[in-house]
Amino acid sequence: MKNYTSEDVLRLARDEDIEFIRLQFTDMFGNLKNIAVTVSQLGKALENKCMFDGSAIDGFVGIEESDMYLYPDLSTLEIFPWRPQQGKVARMICDIHRPDGRPFDGDPRVVLKKAVAEAAELGYTFEVGPECEFFLFNTDENGMPTIQTHEQAGYFDIGPLDGGENARRDIVMTLEDMGLIIEASHHEMAPAQHEIDLRYDEALSTADNIMTFKLAARTIAKRHGLHATFMPKPKYGVNGSGMHINMSLHKDGKNIFDDKADANGLSREAYYFIGGIMKHIKGMAAVTNPLVNSYKRLVPGFAAPVYIAWSATNRSPLIRIPAEGGRVELRSPDSAANPYLTLALCLKAGLDGIINKIEPPGSVDCNIYTMTEQERKALNIENLPGTLMEAVDAMKNDGFILEVLGEHIAKSYIEAKESEWQKYRAHVSEWEIQEYLYRY
């Protein structure tokens, strides 16, 4: 993390010929927003005096309390490599505050900072490494996105089969120019599907990095005539895009999930953390899987979890323990999830497990997809929510999750998702036309 002061930022802007600064923030639904200022207004921005209309952002506030202020996090200053190198463009990620200086409780980044601070009071640092999946599709003659691709590559394929290889390489190089560390990148299972794995970092930095990754991926893909989409399931019959979250807790510089004496390489705290996640995962699902479309991914047969279980030996359950141990991989979140809210819920649910010593059930070390319903029932294996509305109902019934989100976000988020579900229910799809029109 860069510990810049205001003087450092002003000096860098002068030395690097920065002309524009984008003050970025993320809305409740994980969409990146920004206000751009010229370098002449940088001093005002550094004094937290840049105001915007919060009523214009879905889920923020009404017009009667609309004034909001952007507080830049100076450590997030980065120059956009894809913008002109004369009169450069830089960004800083911001927290949102009310006019009286209080952090705005509808800001997802504030929710994560609060969770991280509460973990720090217990002596913990939350380390997270995300695996980010996405599709690179062709655009039409107007530059608008399609779901078409000319490639037929599969898992780990290379060029020329991998038609997005050059775009993916340029995305990785751009991210590294912006200070991110990329552990790996490769073609995923479905045609036009890709994965870029970010190196683990502290939770807040990781959430910031995910938002930076999405912006860079879309920008660089467009330069290649492609569209990068984080829609979880854009095409029928192929795998959807997940965002697996690899998690560990550190205390006094040591990974407290690591225990070489354990068969799975996990400590008691790690098992309790798993227990907390499993207890609350249904209530978390409306955040980790936030769209109607998210639940088209969470079906059997497409390498996405459907059942609430954990294992160290197979990839069908919700939670996987990688071979080296010392970390927990949550496999249900998808690429549309708001990273700030997702990581806040993961951390707080895991801490609930540790504080209350919630024992997880036994590991399920066989393919759950091939089990009968009776076999799953005998092992008390429950399903993840099957629709967005099921997920919203589960959230409403989990007071712990509502408390983590806070009253403002919980109320606005639930209202928005219920509205999304009602719009979906009223829509007549092409499948229905093809299935029913000629019969009835």
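Further up the page is the structure itself.
Quantities reported herein were computed from a predicted structural model and do not represent experimental measurements.

Visitor: What is the right way to read the overall build of the chain from this model?
Guide: Assigned secondary structure in the chain consists of 13 helices and 18 strands. Relative to the globule expectation of 22 Å for 440 residues, the C-alpha radius of gyration of the chain, 22 Å, shows essentially globular dimensions. Referenced to the eigenvectors of the C-alpha coordinate spread, the extents of the chain come out at roughly 70 × 55 × 45 Å. Per-residue burial for the chain yields a buried fraction of 53% across its 440 residues. Residue pairs at least 24 apart in sequence account for 70% of intrachain contacts in the chain once pairs closer than 6 positions are excluded. In the structure as shown, the chain presents an accessible area of about 20200 Å², 50% of it carried by carbon and sulfur atoms. When the 46 basic and 65 acidic side-chain charges of the chain are each reduced to a single mean position, those positions are 1 Å apart.

Visitor: What's the story with a nonpolar patch on the surface in this structure? I'm lost.
Guide: Among the surface-exposed residues, Tyr-155, Phe-156 and Met-189 lie close enough to one another that they form a single nonpolar patch of about 320 Å² accessible area. The partly exposed category is assigned to Tyr-155, whose relative accessible area is 41%.

Visitor: I would appreciate a short explanation of the side chain of Glu-188 in the present structure.
Guide: Inspection of the secondary structure puts Glu-188 in the loop between β8 (182-187) and β9 (193-198). Apart from residues no more than four positions distant in its own chain, Glu-188 is found in contact with Glu-133, Gly-154, Tyr-155, Gln-193, His-194 and Glu-195.

Visitor: Explain the pattern of salt bridges here, please?
Guide: Two side chains that carry opposite charge are able to pair once their charged atoms sit near each other. Taken as a whole, this structure holds 23 salt bridges when the rule is applied. Of the charged contacts in the structure, one is a salt bridge between Lys-2 and Glu-78, with a shortest N-O distance of 2.3 Å. Separated by 76 residues along the polypeptide, Lys-2 in the segment before α1 (6-15) and Glu-78 in strand β5 (residues 78-79) bring together distant segments of the chain. A salt bridge links Lys-396 to Glu-418, with the nearest nitrogen and oxygen atoms 2.8 Å apart. Of this pair, Lys-396 sits in helix α10 (residues 388-396) while Glu-418 is found in helix α12 (residues 407-426), placing the two residues 22 residues apart along the sequence. Shared partners join several salt bridges into a network, and the residues in it are Asp-73, Asp-95, Arg-109, Lys-113 and Asp-208.

Visitor: Hey, could you run me through the packing of helix α4 (residues 165-177) against helix α5 (residues 203-223) in this one?
Guide: Axis separation between α4 and α5 bottoms out at 9 Å; the angle between their running directions is 135°. Between α4 and α5, the angle is such that the two are oblique. Here α4 runs over α5; the crossing is right-handed. Listed contacts from α5 to Ala-167, Asp-170, Ile-171, Thr-174 and Leu-175 of α4 are Thr-212, Phe-213, Ala-216, Ala-217 and Ile-220.

Visitor: Help me understand helix α8 (residues 339-355), please; the structure alone is not making it clear to me.
Guide: Residue pairs spaced three or four apart in an α-helix point in one direction, given the helix's 3.6 residues per turn. Taking 1.5 Å as the rise per residue, α8 with 17 residues should run 24 Å; its terminal C-alpha atoms sit 24 Å apart, in good agreement. Most of α8 is tucked away, with 16 of its 17 residues classed as buried. Of the residues flanking the end of α8, it is Lys-357, one or two places downstream, whose phi is positive at about 50°.

Visitor: Could you clarify how one ought to interpret the environment of Phe-20 in this entry?
Guide: One can find Phe-20 in strand β1 (residues 18-26). With near-sequence residues (within four places) excluded, Phe-20 lies in contact with Val-37, Thr-38, Lys-88, Val-89 and Ala-90.

Visitor: So what exactly am I meant to see when it comes to the packing of aromatic side chains here?
Guide: Any pair of aromatic rings gets described here by the distance separating the centres and the angle formed by the planes. In the structure shown here, the tally under the stated rule is 15 aromatic pairs. Each ring, one from Phe-80 and one from Trp-82, has its centre 4.6 Å from the other, and the planes form 15°; the classification is stacked. Take Phe-80: its relative accessible area is 3%, and that puts it in the buried class. Pairing Trp-431 with Tyr-436 gives two aromatic rings, centres 5.6 Å apart and planes at 90°, and the pair type is edge-to-face. Among the aromatic side chains, those forming a connected cluster through ring pairs are Phe-126, Phe-257 and Phe-273.

Visitor: Just to check I follow, could you spell out the pairing of β1 for this structure?
Guide: Across a regular strand the side chains alternate sides, sitting on one face of the sheet and then on the other. The pairing of β1 with strand β6 (residues 88-97) spans six bridges and is classified as parallel. The residue of β6 that forms the bridge with Leu-23 is Met-92. Examined bridge by bridge, β1 and strand β2 (residues 32-38) share seven bridges and lie antiparallel to one another. Paired with Leu-23 across the two strands is Ile-35, which belongs to β2. Once β1 ends, the chain turns through five residues before running back antiparallel as β2, passing Gly-30 with a positive phi of about 90°.

Each value, and the rule that gives it
- Residues numbered from 1 in each chain as written.
- Predicted model: local features only at pLDDT ≥ 70, side-chain atom pairs only at ≥ 80, totals over all residues.
- Heavy atoms only, no water.
- Helix = DSSP H or I, 4+ residues; strand = E, 2+ residues; numbered from the N terminus.
- Rg over C-alpha atoms; globule rule 2.2 N^0.38 Å.
- Buried < 20%, exposed > 50% of the residue type's maximum accessible area, 1.4 Å probe, protein only.
- Contact = heavy atoms within 4.5 Å.
- Areas by Shrake-Rupley, 256 points an atom, 1.4 Å probe, with all protein chains shown as cover.
- Lys, Arg positive; Asp, Glu negative; His and termini not counted.
- Charge placed at Lys NZ, Arg CZ, Asp CG, Glu CD.
- Patch = residues over 30% accessible without salt bridge, like charges linked within 9 Å, V, L, I, M, F, W, Y side chains within 5 Å.
- Salt bridge = Lys/Arg side-chain N within 4 Å of Asp/Glu carboxyl O.
- Axes fitted to C-alpha atoms, helices over the stretch in contact; angles between N-to-C directions.
- Parallel < 35°, antiparallel > 145°, perpendicular 65-115°, else oblique.
- Left-handed = near helix turned anticlockwise from the far one by under 90°.
- Expected span 1.5 Å × (residues − 1).
- Phe/Tyr/Trp six-rings, centres within 6.5 Å; stacked < 30°, edge-to-face > 60°.
- Pairing = 2+ DSSP bridges.

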